[in-house]
Amino acid sequence: AKISNVSWWLDAAEIFSWMLTNALLGLWYNGIGTLAKGRSVSYTQMVETRMDHSLPIVKEMIIPYMMVYFMPSTYVIASLAGKGVKDSVSNVRLFYAVQITLMATCYALYILFPVSISPIAIDKPAADAHLLMKLTYTFVHTGMTTFCACPSMHVGHCTSMAWIQH
């Protein structure tokens with residue numbers, strides 16, 4: 001019984017360490033954008049199209065956009081709830097290895113080929129707007145770099161999740 005108990009704690013510690021590593025790597029995002037901006041070169045014109053400027057702005061889409069930040073934790077919780085710690089470790093290991101590789105690749109591309117986006121002109125939420133809308137607006141439109149635009153990590157994370165599941 002003691003060996004299986006130790007094994008459970010080691011598996012749980014591994015899952016936690018993957019989550020922590022992923023979160024810490026995510027903290028580099030703005031710093032990477034600052035490094036990319038410091039290169040004083042931009043490849044924006046190579047990837048930007050007229051369609052980019054004709055897409056309508058739907059303020060409420062900020063909510064699904066922000067959900068990507070909760071995706072790793074949600075994946076772990078769903079895996080643990082469905083399979084338990086012992087049977088989830090290999091899935092969680094693959095998930096985080098892919099996510100961390102994806103982030104590192106994007107960071108390298110952001111520095112090598114900086115692409116900046118113009119901050120989208122979205123009016124501040126009204127004073128009576130829902131608190132969630134106010135918080136997400138503040139986080140996205142005042143705190144994030146504009147030099148980590150391409151490739152999209154949001155699309156990459158969602159695509160890799162689908163790949164891992166199949």
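Residues numbered from 1 in each chain as written. Predicted model: local features only at pLDDT ≥ 70, side-chain atom pairs only at ≥ 80, totals over all residues. Heavy atoms only, no water.

Chemist: Help me out: how do you make sense of the packing of helix 2 (residues 29–38) against helix 6 (residues 71–112) in this one?
Modeler: Two measures define how a pair of helices packs: the angle their axes make with one another and the distance between the axes. Packing of helix 2 against helix 6 leaves a shortest axis separation of 8 Å and a crossing angle of 25°. By the criterion of interaxial angle, the relationship of helix 2 to helix 6 is roughly parallel. Crossing hand, helix 2 versus helix 6: right-handed. Between helix 2 and helix 6, the residues in contact are Tyr29, Ile32, Leu35 and Ala36 and Tyr107, Tyr110 and Ile111, respectively. Of the residues contributing to the contact of helix 2 with helix 6, the split by class is 7 nonpolar, no polar and no charged. (Axes fitted to C-alpha atoms, helices over the stretch in contact; angles between N-to-C directions. Helix = DSSP H or I, 4+ residues; strand = E, 2+ residues; numbered from the N terminus. Parallel < 35°, antiparallel > 145°, perpendicular 65-115°, else oblique. Left-handed = near helix turned anticlockwise from the far one by under 90°. Contact = heavy atoms within 4.5 Å. Nonpolar A, V, L, I, M, F, W, Y, C, P; charged D, E, K, R; others polar.)

Chemist: Before we go on, may I ask you to explain the environment of Thr145 in this structure?
Modeler: Examined against the element boundaries, Thr145 turns out to sit in the loop between helix 7 (131–143) and helix 8 (153–165). A C-alpha to C-alpha distance of 8.7 Å links Thr145 and Ile32, two positions 113 residues apart in sequence. Excluding residues within four positions of it along the chain, Thr145 makes contact with Tyr29, Asn30, Gly33 and Thr34.

Chemist: Explain the nonpolar core here, please?
Modeler: The tendency in soluble globular proteins is for nonpolar side chains to be buried as a group. Membership of the largest hydrophobic core comes to 15 residues, with the highest contact counts inside it found for Tyr29, Tyr107, Tyr110 and Met153. Only helix 2, helix 5 (62–67), helix 6 and helix 7 provide two or more residues apiece to this core. Looking at this core, the element that brings in the most residues is helix 6, giving 5 residues. Leaving out residues up to four positions away in the same chain, Tyr110 has contacts with Tyr29, Ile32, Ala36, Phe147, Cys148, Ala149, Cys150, Pro151 and Met153. The next biggest cluster of nonpolar side chains, apart from the first, holds 14 residues, and it includes Val68, Met71, Val85 and Tyr96. (Core = buried A, V, L, I, M, F, W, Y, C linked by side-chain atoms within 4.5 Å. Buried < 20%, exposed > 50% of the residue type's maximum accessible area, 1.4 Å probe, protein only.)

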